[in-house]
Amino acid sequence: MSLNRKRFLQQMAIMAAGAALPMDAMAKTLQSASNSGNKKSQDRLDLLLLHTNDLHSRIEPFPANHPMAGKGGIANLATLIQQHKKQHPHLLLLDCGDVFQGTPYFNLFGGAVEYQWMQNMGYHATTMGNHDFDNGIEHLANMLEKNPGVGMLNCNYQLHNTPLKDLVQPHKIIQIAHKKIGITAVGISPENLILERMIPGLVYQDPVTQVQKTVDYLRNEAHCDAVFVISHLGYSYDTNKIDDLKLAAQTHGITAIVGGHTHTFLEKATEVTNAKGQTVLVNQAGWGGLMLGQLRFSI
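Residues numbered from 1 in each chain as written. Predicted model: local features only at pLDDT ≥ 70, side-chain atom pairs only at ≥ 80, totals over all residues. Heavy atoms only, no water.

S.K.: How should I be thinking about the overall build of the protein in this particular structure?
M.R.: Within the protein, the secondary structure is distributed over seven helices and 14 strands. Within the protein, the fraction of its 299 residues that count as buried is 54%. For the protein, the proportion of contacts with a sequence separation of at least 24, taken over those separated by at least 6, is 77%. Working note: accessible area of the protein is about 13,400 Å², and carbon and sulfur atoms make up 48% of it. (Helix = DSSP H or I, 4+ residues; strand = E, 2+ residues; numbered from the N terminus. Buried < 20%, exposed > 50% of the residue type's maximum accessible area, 1.4 Å probe, protein only. Contact = heavy atoms within 4.5 Å. Areas by Shrake-Rupley, 256 points an atom, 1.4 Å probe, with all protein chains shown as cover.)

What follows is the structure in structure tokens.
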């Protein structure tokens, strides 16, 4: 490819603005309402949560020789996200990791295109998937330093002795209208997934313990009105390996878990009963930009 990076990014912006909508690949909307009878309607926040996962450097739609020809890709997603932003004043945009690796764009630009796009779209937060370490932890740190608008979160990787120590936060709190929204994130065990030489200094900690500790802080000390977990654990496994469904069942205080890693396409979010008998939603949006996950909440 002869285009330099600056010209390439400019052309991608033009492509995104005119891309066709992948309407047949949209996730179905699920509503969750938790209104108190004595609260006035003006105290309610109607929130639209959009989420993506496992983009895998899919910049353009899938090629003509692919079963999903013309679909997917961040150019298509950009148009759909921009439409939603125009229609919904209170919107939360999250990504669940594995942004990197999968097409020659990553080989050429090392993730710069993907992160620049995420900044342009206004993502509130993302997390690291196992493939985001494919060029090593120093490379990931370098990409984050060059793209400070990418809010990288993780609460169960100990990163004090890594280049990511000041670049990854355990949680984030944002104000949307009159409500405080807490966000945290959790990562998969690197065992048999990430070469040890790629992640020197990274220590994996139990996801359930660390998520609950973080959610307790967000709920009880930061007084967040809703708490969302970004996960790269995987939707469901037949073994005792931790996944999003088990995480939802073994914790409390979480409004919804949006996840990645297993490339799971869901027609609607899964309702799980948590450790205190309350309902938590679990959702995932396929991979490669073929689906845009959507959840609606009345808080």
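S.K.: Is there a simple way to think about the packing of aromatic side chains in this case?
M.R.: For any pair of aromatic rings, the description rests on two quantities: the centre-to-centre distance and the angle between the ring planes. This model, assessed by the stated rule, comprises six aromatic pairs. Their ring planes at 45° and their centres at 4.9 Å tell us that phenylalanine 100 and tyrosine 115 sit as a pair that is tilted. One end of the pair, phenylalanine 100, is in the loop between strand E3 (91–95) and helix H3 (104–109); the other, tyrosine 115, is in helix H4 (residues 112–121), with 15 residues separating them in the sequence. Taken together, the ring pairs in this structure connect Phe100, Phe106 and Tyr115 into an aromatic cluster. Over the face of the ring belonging to phenylalanine 62 we find arginine 58, whose NZ or CZ atom lies 4.3 Å from the ring centre. The ring of tyrosine 237 is capped by lysine 241, whose NZ or CZ atom sits 4.6 Å from the centre of that ring. (Phe/Tyr/Trp six-rings, centres within 6.5 Å; stacked < 30°, edge-to-face > 60°. Lys NZ or Arg CZ within 6 Å of the ring centre and 35° of its normal.)

S.K.: Explain the sheet that holds strand E13 (residues 279–284) here, please?
M.R.: Sheet strands pair by backbone hydrogen bonding; their relative direction is either parallel or antiparallel. Across the sheet, which stays open at both edges, the six strands sit in the order E7-E8-E10-E11-E13-E12 with mixed pairing between neighbours. Where the open sheet ends on each side, the last strands, each with one partner, are strand E7 (171–176) and strand E12 (270–273). Taken over all neighbouring pairs, the strand axes of this sheet differ in orientation by 25° on average, direction set aside. Here E7 pairs with strand E8 (residues 179–187) via six bridges, running antiparallel. Within the sheet, the bridge partner assigned to histidine 171 lies in E8 and is threonine 184. Here helix H6 (residues 207–221) sits on the sheet in contact with E7, E8 and strand E10 (226–232), set at roughly 170° to E8. (Pairing = 2+ DSSP bridges. Axes fitted to C-alpha atoms, helices over the stretch in contact; angles between N-to-C directions.)

S.K.: Please clarify how the nonpolar core should be interpreted in this entry.
M.R.: Soluble globular proteins: nonpolar side chains tend toward being buried together. Tyr115, Trp117, Met128, Phe133, Leu140 and Leu164 are the most contacted members of the largest nonpolar core, which has 43 residues in total. When contributions to this core are tallied by element, the ones reaching two or more residues are strand E2 (46–52), helix H2 (74–87), E3, H3, H4 and helix H5 (137–146). Sorting elements by how many residues they give to this core places H4 first, with six residues. Look past the residues within four positions of tryptophan 117 in its chain and what remains in contact with it is Leu55, Ile74, Leu77, Ala78, Ile81 and Tyr123. (Core = buried A, V, L, I, M, F, W, Y, C linked by side-chain atoms within 4.5 Å.)

S.K.: When you look at unusual backbone geometry in this model, what are you seeing that I'm missing?
M.R.: Where the residue is not glycine, phi is negative for most of them; where a peptide bond is considered, it is trans in most cases. Not every positive phi belongs to a glycine, and aspartate 54 is a case in point at roughly 50°. With respect to the helices, strands and loops of the structure, aspartate 54 is situated in the loop between E2 and H2. Residue class for aspartate 54 comes out buried when judged on its relative accessible area of 0%. One non-glycine residue, histidine 223, lies in the positive phi region at around 55°. Relative to the elements of secondary structure, histidine 223 occurs in the loop between H6 and E10.

S.K.: How should the pattern of salt bridges be read in this particular structure?
M.R.: Side-chain pairs of opposite charge can arise where the charged atoms are in close proximity. What the rule picks out here adds up to two salt bridges. The partner of aspartate 46 in a salt bridge is arginine 44, and the shortest N-O contact between them spans 3.3 Å. Here lysine 246 and aspartate 243 are joined by a salt bridge, their closest N and O atoms 2.5 Å apart. The buried category is assigned to aspartate 243, whose relative accessible area is 1%. (Salt bridge = Lys/Arg side-chain N within 4 Å of Asp/Glu carboxyl O.)

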